[in-house]
Structure formats: structure tokens, C-alpha cells
Protein chains: 2
Amino acid sequence: MGNMTIGRLGRETSTKVETIRYYEKIGLLPEPRRTAANYRVYTDAHLNLLGFIRRARELGFSIDDIRDLLRLAAHGEAPCDDIDRIAAQHLETTEKKIALLMQLRRELRDTLESCKGGRVAECKVIVALSPEPRGGQTGA
Amino acid sequence: MGNMTIGRLGRETSTKVETIRYYEKIGLLPEPRRTAANYRVYTDAHLNLLGFIRRARELGFSIDDIRDLLRLAAHGEAPCDDIDRIAAQHLETTEKKIALLMQLRRELRDTLESCKGGRVAECKVIVALSPEPRGGQTGA
DNA sequence: TATAAACCCTGTAGCAACTATAGGGTCAAG
DNA sequence: CTTGACCCTATAGTTGCTACAGGGTTTATA
Ligand SMILES: [Zn+2]
Ligand SMILES: [Zn+2]
Ligand SMILES: [Zn+2]
Ligand SMILES: [Zn+2]
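Everything numeric here is computed off the predicted structure, so don't read it as measured data.

Analysis parameters
- Residues numbered from 1 in each chain as written.
- Chains lettered and ligands numbered in written order.
- Predicted model: local features only at pLDDT ≥ 70, side-chain atom pairs only at ≥ 80, totals over all residues.
- Heavy atoms only, no water.
- Helix = DSSP H or I, 4+ residues; strand = E, 2+ residues; numbered from the N terminus.
- Near = heavy atom within 4 Å.
- Nonpolar A, V, L, I, M, F, W, Y, C, P; charged D, E, K, R; others polar.
- Core = buried A, V, L, I, M, F, W, Y, C linked by side-chain atoms within 4.5 Å.
- Buried < 20%, exposed > 50% of the residue type's maximum accessible area, 1.4 Å probe, protein only.
- Contact = heavy atoms within 4.5 Å.
- Least-squares fit on C-alpha atoms with pLDDT ≥ 70 in both.
- Domains from an automatic or database assignment.
- Buried area = accessible area lost by both parts, 1.4 Å probe.
- Salt bridge = Lys/Arg side-chain N within 4 Å of Asp/Glu carboxyl O.
- Polar contact = N/O pair within 3.5 Å; in protein donor to acceptor, adjacent residues only side chain to side chain.

Q: Honestly, unusual backbone geometry in this entry has me stumped. Any pointers?
A: Positive phi, close to 75 degrees, is recorded for Asn38(A), a residue that is not glycine. You can see Asn38(A) is positioned in the loop between β1 (33-34) and β2 (40-41).

Q: Sorry, what's going on with the protein's contact with DNA strand D here?
A: As a matter of local geometry, DNA strand D sits amid 20 residues, with Tyr39(A), Arg57(A), Gly7(B), Arg21(B) and Arg40(B) nearest to it. Of what DNA strand D places within 4 Å of the protein, 76% of the atoms are sugar or phosphate. Listing elements by their share of the surface near DNA strand D, those giving two or more residues are α2 (17-25) and α3 (44-58) of chain A together with α1 (6-13) and α2 (17-25) of chain B. Element by element, the count of residues in the surface near DNA strand D is highest for α2(A), at four residues. A class-by-class count of the residues in the surface near DNA strand D yields seven nonpolar, five polar and eight charged.

Q: What should I look at first to understand the nonpolar core in this one?
A: The nonpolar side chains of a soluble globular protein tend to be buried, and buried together. Core analysis: the largest hydrophobic core is formed by 68 residues, its most contacted members being Phe61(A), Ile83(A), Leu129(A), Phe61(B), Ile83(B) and Leu129(B). Filtering out sequence-adjacent residues up to four positions away, Ile83(B) remains in contact with Val120(A), Cys123(A), Val125(A), Ile126(A), Leu69(B), Leu72(B) and Ala73(B).

Q: Hey, could you run me through the relation of the copies chain B and chain A in this one?
A: Mapping between the two chain copies consists of a rotation about an axis together with a translation along that axis. Overlay of chain B on chain A (RMSD 0.2 Å): rotation 180 degrees, translation along the axis 0.0 Å. Taken together, the rotation angle and the small translation identify this as a two-fold axis. Ranked by how close their C-alpha atoms come to the rotation axis, the residues of chain B are headed by Ile98(B), at 3.1 Å. Counting the interface residues of chain B, we find that 100% of their copies in chain A are interface residues as well, pointing to one common contact surface.

Q: Help me out: how do you make sense of the domain arrangement of chain A in this one?
A: Where the parts come together, the accessible area they lose is often given as the size of the interface. All names here are of chain A. Parsing chain A into structural domains produces domain 1 (1-78) and domain 2 (80-128). Distance between the C-alpha centres of domain 1 and domain 2: 34 Å. Taken together, the contact pairs nine residues of domain 1 with six residues of domain 2. Buried area between domain 1 and domain 2, summed over both chains or domains, comes out near 600 Å², and the portion from carbon and sulfur atoms is 75%. Per-residue buried area on domain 1 facing domain 2 is highest for Phe61, Leu69 and Leu72; these three make up 60% of the total on that side. Where domain 1 touches domain 2, the interface holds zero salt bridges. Connecting domain 1 to domain 2 are three residue pairs in polar contact (both at pLDDT 80 or more). For the side of domain 1 that touches domain 2, a count of residues per class yields six nonpolar, one polar and two charged.

Q: Got a minute to help me understand the environment of Ala45(B) in this structure?
A: Residues and elements named next belong to chain B. Mapped onto the elements of the fold, Ala45 is located in helix α3 (residues 44-58). Taking relative accessible area as the criterion, Ala45 reaches 54% and is therefore assigned exposed. When the C-alpha positions of Ala45 and Gly2 are compared, they lie 8.7 Å apart, and in sequence the two are 43 residues distant.

Written as C-alpha cells, this is what we have:
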């Protein structure tokens, strides 16, 4: 049960075939050997590696992050500081995104709550988006 | 103080010049008139419109959403239901993004807390990303 | 055995929303 | 009259895929 086609590998890892070929093209997944008919033949090593990549992507790591993680993970005897640092930095990025989105959510909620329907001309959504009332004092 | 160059408009709205030209190209911002030397000349109407667009982008509305908002906002006498619906849907999208990111944050935090440093071979970050332990019982 | 479905291949273009560069022309100040 | 700041167009790059187009191969079945 070691060798498999690209379709099988995709099914096992919930990855589209095009995505697997894309990972190969950008050098994230190593090129497998080919059959006489030029079909890719993957091994369990590929399966494990792609599993790792997909899980990291699910957690939001960028492909560059994953490259770094894979490079570092190859040295089992080294200290794991660098790996933990990548994860910590990614956590920080994620926290910043959450904070920003929560602020947007608040603004959207406030706006929607304040608009009780009516004509477009008085719609609070439009008011909230319009530049004039914000940042400007009622001039002179 | 009505007419201005693209650079001035960019400064007033915290928008890069290239972005303004991009908005024009995709038909979001109407083409301004030109000087004899082919320079764009913007009016206060453009300033207001671009302000609206930028504020909507800050709140995470897509450009397609903004197109719809602008189209609807042009009919001041109509009811604002459609506008509010776009905003409500955008709020929902934002909430889903937050929920997803908060789940990722939890996984990243748990992982990082469990790794107290050591060798890469035992790093909990790597373990958390590896496919084997997850989703599979300890086979037979 | 024929043939059709299901799979595989390469290469290219598209998505969102910009950003950056190349290779020019124009305008105001000194 | 030259320097520097500004403007112009057109094109390519960014991120992480996804979707063709236009083929070849393998497998199942009638
Ligand atoms: Zn990251
Ligand atoms: Zn409203
Ligand atoms: Zn939206
Ligand atoms: Zn670690």
C-alpha cells in the first residue's frame, strides 16, 4: 500500500490534484518518480509530507512558513526554538487579524443596529461609510 | 478648492496613486476630465466618492459589495432594505472569519504551550502538524 | 474487441485587490 | 535651463490556488 497515483493521494489528503501539482511546481512537494506513461507515482513519504503541509495550511501558515518548518524539522537533533518561533509569530499574526476583525464587527453591528429602515437618503449604513461626518468638525 | 491632481486626491484619502488609477480602470471611480497635458483633474465629487470607497474597504466590504452599495445609494428615495442586507451579510461573513481564526488561535496556543523547548524530534509544533496521530486510531 | 468512462499529462489563464516597475512626458523653483 | 517632483501608459508581480484546453492512458464493460 505504498505506491499511489496523484488522484489517490489527493483523496487521502483532501487535496485537489491541481493543488498537488502546484505544490510540486513551487518546490514544496518533491517530484515523485514516473511510470512509463509519465504518470506520477507517490509513496507513503509523500503522503506524510503532504499531510503535514495540508494541516499547516489549515492552521493558516503561509507556504513560506511551511518551507521553513520543513527545513527545520529535517534536523531532529537540533533545538526546536526556531520552529516554536515561527509558530509564535504566526499566532501573533492571527491575533492581530482577530483584533482587527472584531473591531470591524463592532462597527458593522453598531451601524446596523442604528438603522431602523427607511429611505436610502437617511440610511445609517450610508452615513457610516460617507467621509464627511467622520474626522471633520462641523466647519466654522 | 475643488480641483485637484491625482497625487493630492491620494493624500487626502490615504490612497496610493496606483490604487486610484486601478479603481478607475475597473470602473469603480468615474474617469475625471483631463488637462491639455493629459493629467487627471478630480473634483470634490471624486473626493467624496473615493472617501466612501476607502471607508467601505476599511470595513472589509468587497469591491463588488461597494459597487452594489453605490448603485443603491444613488436612489435616495428608495427604501434602504437592500443596503442593510448587504451590510448584514458582510457582518455575517466577518463573524464566520472571526470564529475560524479564533479556533486556529486556540490550536496554535495549545500547541505552543505544550512545547517546553527541546529537540526538534520531540517538538510539539511538529507533532501537531504531523498527520499520523490525528484522525487515526492506534491501528489494530 | 471496441469503446466509453475515468483517470493522467502539460501549459496557460483566471481569481482579489492591489503594488511595483519600466520607460517615458510635464511643470514649478531656483 | 536644469533639477526634482509630479504625471502618463502598459505590463508584470503578489498569494494560493482553481479552471480550462487539448491532448494521452487505463480500465471496465457490452
Ligand atoms: Zn505565518
Ligand atoms: Zn439603512
Ligand atoms: Zn461583503
Ligand atoms: Zn518545539
